[in-house]
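# Fold and contact review
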Amino acid sequence: MAKFSLPQSYRDKAALLGALAASSLLSVLIYAGRVAYSGHWTYYFLNWNLFLAWIPLCSAFALWHVEQHNLRVKGLRFFLLLCWLLFLPNSPYLVTDFVHLTHRQKVPLWYDMMLIFSFAWNGLILGFISLWIVQEFIQTYWGKFTSWLIVGFCLLASGFGIYLGRFLHWNSWDFVLDPHALLTDILNLIRDPLTYPRLLGVTLLFFSFLTVAYITLTLLARVRWARVD
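Let me begin by describing the structure that accompanies this report. These figures come from a predicted structure and were not determined experimentally.

### Let's talk about the packing of helix H5 (residues 109-142) against helix H9 (residues 197-222)
Contact geometry of H5 with H9 gives a least axis separation of 11 Å together with a crossing angle of 70 degrees. Relative to H9, the element H5 lies roughly perpendicular. Every pair of crossing elements has a handedness; the one defined by H5 and H9 is right-handed. Of the residues in H9, those touching H5 at Leu124, Ile125, Phe128, Leu131, Trp132 and Gln135 are Phe209, Leu210, Ala213, Tyr214, Leu217 and Thr218. For the contact of H5 with H9, the per-class residue count stands at 10 nonpolar, 2 polar and no charged.

### What about the environment of Ala62?
Inspection of the secondary structure assignment puts Ala62 in helix H2 (residues 45-68). On the basis of relative accessibility, which here comes to 27%, the residue Ala62 falls in the partly exposed class.

### Concerning the state of the cysteines
What is meant by a disulfide is a covalent connection between two cysteines, made through their sulfur atoms. A complete count under the given rule lists 0 disulfides for this structure. No disulfide involves Cys83; its nearest neighbouring cysteine sulfur is the one of Cys58, lying 9.2 Å away. Here Cys154 is not disulfide-linked; the sulfur of Cys83 is the nearest cysteine sulfur, at 14 Å.

Thresholds applied
Residues numbered from 1 in each chain as written. Predicted model: local features only at pLDDT ≥ 70, side-chain atom pairs only at ≥ 80, totals over all residues. Heavy atoms only, no water. Axes fitted to C-alpha atoms, helices over the stretch in contact; angles between N-to-C directions. Helix = DSSP H or I, 4+ residues; strand = E, 2+ residues; numbered from the N terminus. Parallel < 35°, antiparallel > 145°, perpendicular 65-115°, else oblique. Left-handed = near helix turned anticlockwise from the far one by under 90°. Contact = heavy atoms within 4.5 Å. Nonpolar A, V, L, I, M, F, W, Y, C, P; charged D, E, K, R; others polar. Buried < 20%, exposed > 50% of the residue type's maximum accessible area, 1.4 Å probe, protein only. Disulfide = S-S within 2.5 Å.

Shown next as structure tokens:
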């Protein structure tokens, strides 16, 4: 069986994780600056949402580590993939936090705009990198075509998950805490989606955006601009 491996060295992976951590830390510092200036904890939920956005990446990286070292722990791969999929919508969900943007506590609107954008950017890039890792894993075992089919499904599920979170106020951990009620809502939505036009709008719009953005980033990763003699 082929051994799964990303095309970067360990040093490159460490540098990438360091850059992602620094970017997330910058978002937290921007938020801390707002708290220091205003004396209010407004937008505190951005930090929690960003933490949740790290879970898919950590799950994907753990999956890579398991495959890289060929660890044979029963059910571990399935658990990591399930954890990754359940928390993946939390990454692009940060984009929807722009609905909270308004003048608050005399903080300049441009500052709050940058605050939310920084968290949204981190959420998106964390989610995309985790998706890229999982796609590499799937491609190793089931081929490129299958990997892209699953990518499409995951992005569609993310759009659906964003709707569940933003408008029905469900969370990823509700699959464990209250699975019956959550699955009942999901089945009702799937059974008759035309009754919920906002469901279709949100799901398809985010699916389209995330798909185009992900394809753009994967193509960008392959392009080399060095001079060719």
